[in-house]
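Each chain, written out:
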Amino acid sequence: MTSPGATIIENCAVATVDDAGTEYDSGHVVVEEGRIVAVGEGRAPESYAGARRMDGEGCLATPGLVNCHHHLYQWATRGLAQQATLFEWLEDLYPAWAGLDPEIQRAAARAGLLALLTSGCSTTTDHHYVFPRDGGDLLAVEVEAARELGVRFHPCRGSMDLGRSDGGLPPDEVTEDRDAILAASDDAISRFHDPSPGSMLRVALAPCSPFSVTRGLMSETADLARSRGVRLHTHLAETADEEAFCREVYGVRPVQYLEDLGWLGDDVWLAHCIHLDDQEVSRFGHTGTGVAHCPSSNARLGAGIAPVAGLVDAGAPVGLGVDGSASNESGELAPEMRQALLFARLAGGPRAMTARQALSLATIHGARCLGREGEIGSLEPGKLADVALWRLGGPDYAGIADPVAALVFGPARPVEHLLVDGEPVVQDGRPTMADPDEVARDSLAASRSIRGKWERMA
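Below or above, wherever it landed, is the structure these notes cover. (Residues numbered from 1 in each chain as written. Predicted model: local features only at pLDDT ≥ 70, side-chain atom pairs only at ≥ 80, totals over all residues. Heavy atoms only, no water.)

**Here we look at the nonpolar core**
Line of reasoning, step 1. Core analysis: the largest hydrophobic core is formed by 136 residues, its most contacted members being Trp89, Phe284 and Met337.
Line of reasoning, step 2. If you tally residues by element for this core, the top one is helix 2 (residues 102–118), at 10 residues.
Line of reasoning, step 3. Those residues in contact with Met337 that sit more than four places away from it in its chain are Leu65, Leu320, Ala358, Leu359, Ala362, Leu407 and Val408.
Line of reasoning, step 4. Counting residues in each nonpolar core, the second largest holds 15 residues, with Val29, Val31, Ala385 and Val387 among its members. (Core = buried A, V, L, I, M, F, W, Y, C linked by side-chain atoms within 4.5 Å. Buried < 20%, exposed > 50% of the residue type's maximum accessible area, 1.4 Å probe, protein only. Helix = DSSP H or I, 4+ residues; strand = E, 2+ residues; numbered from the N terminus. Contact = heavy atoms within 4.5 Å.)

As structure tokens, then:
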């Protein structure tokens, strides 16, 4: 057997994140035609004589990371409302987001996606729920940006129809009519959703939150998503303010509100889920409802610590999310593994989470949240060739004998190499599909543009 089209990564530590937790101190991963065809100990067989070989000495190979929650457009409004609670932060920034246009959206999406790729993220979602009147086709803009940069993309067509005049939090100018939302959601699925095996692009439907969406839109969106075979996503139980809102307006806690609308299930994943009681944690496990844990954003806004260990023990998939760049200005996914581990231990002691469990949140758990555990999230033959190679040499990591612990506990560094669908999107720590300097210039211009619009409106 010869495989001239194959790529071999060898002479590296390998953490497969498979069900058995298989690891190799020195192993190999063989990739061919966009799929992993072999993973094992030592060097790859010489029968792959024609393959391209990558020497991974001093590196750790893991699955590409999976980001389960983001708001890419927020890259243009980083660093604002620095001491605000969630509701204060939203009220400050909604008027700025009303100035979104395709140029700002493209620059913000490219910058956010670049930060994800260079932090080892091969698959990402994006929850886009702000569609200003006459703002252009913003979802199409970010879909094209993801295609250009080579990331596996799960955009969520978000929505808000409960404006301030009707008792919601957002100003009316950033909300949409319910019928228009449902039509646009259906259109987004028709235009962008690719359900085929190995897909690079899948769509979910994602009304924003209990305090910005009507009960009717939540219910009708669930019906539409299930009739079209796509997943559901929203924010839930992020703050005590949200719980107070749900009790006052709906007469129940946020989880009960969603359950009454048919929004718990294995086709749903929810962002944050900080303020859950034990019974609610159990319901998530029983129904297979996923959670996107966003530790840095939750800390930045002082929202609290999600009960991640309890959710995992209950059987719920818990992936990681960077959340929007205006509440997590770094926008990098790899550091969220360390944050998740530290938060779990703050809440439950040093045995609450291990380094390997943190890695699993960022990989196979994230894949489960997105319904793709059969294709991504672990290094196993037959799965898609989304592979991250992390260099763990030099003084920063010297003496950390366990490579997984070095990755999770150690200092954050750009991924050395990242393959998506077998194609290199990061090489030697630099993206292959975009010029970082150009992305930075465009991002700065977009930030200045949206802030200028905001100031003129004030």
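Still to come is the rest of the account.
**Comments concerning helix 6 (residues 240–250)**
Line of reasoning, step 1. Among the residues of helix 6, Glu242, Glu243, Phe245, Cys246 and Tyr250 are the ones counted as buried. Looking straight down helix 6, one finds its buried side chains confined to an arc of 160°; they lie on one side. Turned more than 90 degrees from where helix 6 packs its buried face, Ala240 and Glu248 sit exposed.
Line of reasoning, step 2. Two residues or fewer after helix 6 comes Gly251, characterised by a positive phi angle close to 80°. (Arc of directions from axis to C-beta.)

**Here we look at the packing of helix 3 (residues 138–149) against helix 4 (residues 178–192)**
When two helices pack together, their arrangement is captured by the angle between the axes and the distance separating the axes.
Line of reasoning, step 1. One can describe the packing of helix 3 onto helix 4 by two numbers: an axis separation of 11 Å at closest approach and a directional angle of 25°. Here helix 3 lies roughly parallel to helix 4, going by the angle between them. Between helix 3 and helix 4 lies a crossing of right-handed hand. The residues of helix 4 that touch helix 3, namely those facing Leu139, Ala140 and Val143, are Ala188, Arg191 and Phe192. (Axes fitted to C-alpha atoms, helices over the stretch in contact; angles between N-to-C directions. Parallel < 35°, antiparallel > 145°, perpendicular 65-115°, else oblique. Left-handed = near helix turned anticlockwise from the far one by under 90°.)

**Description of a negative patch on the surface**
Line of reasoning, step 1. Where like charges cluster on the molecular surface, the negative patch consists of Glu103, Asp435, Asp437, Glu438 and Asp442.
Line of reasoning, step 2. The class of Glu438 is partly exposed, set by a relative accessible area of 34%. (Patch = residues over 30% accessible without salt bridge, like charges linked within 9 Å, V, L, I, M, F, W, Y side chains within 5 Å. Areas by Shrake-Rupley, 256 points an atom, 1.4 Å probe, with all protein chains shown as cover. Salt bridge = Lys/Arg side-chain N within 4 Å of Asp/Glu carboxyl O. Lys, Arg positive; Asp, Glu negative; His and termini not counted. Charge placed at Lys NZ, Arg CZ, Asp CG, Glu CD.)

**Details of the side chain of Arg372**
Line of reasoning, step 1. Assignment of secondary structure puts Arg372 in the loop between helix 12 (355–369) and strand 14 (387–391).
Line of reasoning, step 2. When sequence neighbours within four positions are dropped, the list of residues in contact with Arg372 reads Arg152, His154, Gly198, Ser199, Arg202, Ala367 and Leu384.

**So, the side chain of Thr239**
Line of reasoning, step 1. By secondary structure assignment, the location of Thr239 is in the loop between strand 10 (231–236) and helix 6.
Line of reasoning, step 2. Within the structure, the side chain of Thr239 is placed 3.1 Å from the backbone nitrogen of Glu242, a separation counted as a polar contact.
Line of reasoning, step 3. Beyond its immediate sequence surroundings of up to four residues, Thr239 is in contact with Leu86, Phe87, His275 and Ala303. (Polar contact = N/O pair within 3.5 Å; in protein donor to acceptor, adjacent residues only side chain to side chain.)

**Observations regarding the environment of Val17**
Line of reasoning, step 1. Tracing the backbone shows Val17 in the loop between strand 1 (7–15) and strand 2 (23–32).
Line of reasoning, step 2. Look at Val17 and you get buried, because its relative accessible area is 14%.
Line of reasoning, step 3. Between the alpha carbons of Val17 and Thr62 there is a distance of 7.6 Å; along the sequence they are 45 residues apart.
Line of reasoning, step 4. Apart from residues no more than four positions distant in its own chain, Val17 is found in contact with Thr22, Pro63, Leu359, Ser360, Thr363, Ile364, Gly377 and Ser378.

**A closer look at the pairing of strand 1**
Line of reasoning, step 1. Across the nine residues that make up strand 1, a large majority, eight, are buried.
Line of reasoning, step 2. With four bridges joining them, strand 1 and strand 4 (residues 52–55) adopt parallel strand pairing. From the neighbouring strand, Glu10 faces strand 4, where its bridge partner is Asp55.
Line of reasoning, step 3. Relative to strand 2, strand 1 is paired through seven bridges, and the arrangement is antiparallel. Paired with Val14 across the strands is Tyr24, a residue of strand 2.
Line of reasoning, step 4. In this sheet, strand 5 (residues 59–63) lies alongside strand 1 in parallel orientation, the contact comprising two bridges. (Pairing = 2+ DSSP bridges.)

**Some remarks on the pairing of strand 10**
Line of reasoning, step 1. Extensive coverage of strand 10 is indicated by the burial of six of its six residues.
Line of reasoning, step 2. Pairing geometry for strand 9 (residues 204–207) and strand 10, over two bridges, is parallel. The residue of strand 10 that forms the bridge with Leu205 is Leu232.
Line of reasoning, step 3. The parallel pair strand 9 and strand 10, bridged by helix 5 (residues 215–228), forms a crossover whose chirality is right-handed.
Line of reasoning, step 4. Bridge analysis of strand 10 against strand 11 (residues 268–272) gives five bridges, and the strand direction is parallel. Paired with Leu232 across the bridge in strand 11 is Val268. (Right-handed = clockwise from strand over helix to strand, strands pointing away.)

**Here's the deal with the environment of Arg43**
Line of reasoning, step 1. Take Arg43: it is sitting in the loop between strand 3 (35–41) and strand 4.
Line of reasoning, step 2. For Arg43, a relative accessible area of 53% gives the class exposed.
Line of reasoning, step 3. A sequence separation of 14 residues divides Arg43 from Val29, and the C-alpha atoms of the two residues are 9.1 Å apart.
Line of reasoning, step 4. Not counting residues within four places of it along the chain, the set of residues in contact with Arg43 comprises Glu10, His28 and Arg53.
Line of reasoning, step 5. Of note is the side chain of Arg43, whose polar atom sits 3.5 Å from the side chain of Glu10.

**Topic: the pattern of salt bridges**
Line of reasoning, step 1. Scanning all chains against the criterion turns up 28 salt bridges.
Line of reasoning, step 2. Between Arg191 and Asp187 there is a salt bridge, and its shortest N-O distance comes to 3.0 Å. Taken together, the positions of Arg191 and Asp187, both in helix 4 and four residues apart, correspond to about one turn of that helix.
Line of reasoning, step 3. Overall, Arg191 belongs to the partly exposed group, its relative accessible area being 42%.
Line of reasoning, step 4. Exposure remark for Asp187: the relative accessible area of 35% places this residue in the partly exposed category.
Line of reasoning, step 5. With its nearest N and O atoms 2.7 Å apart, the salt bridge here joins Glu280 to Arg253. Of the two residues, Glu280 is situated in helix 8 (residues 278–287) and Arg253 in the loop between helix 6 and helix 7 (254–260); the sequence distance between them amounts to 27 residues.
Line of reasoning, step 6. What you see here is one network of salt bridges that share partners, running through Glu243, Arg247, Arg253, Asp277 and Glu280.

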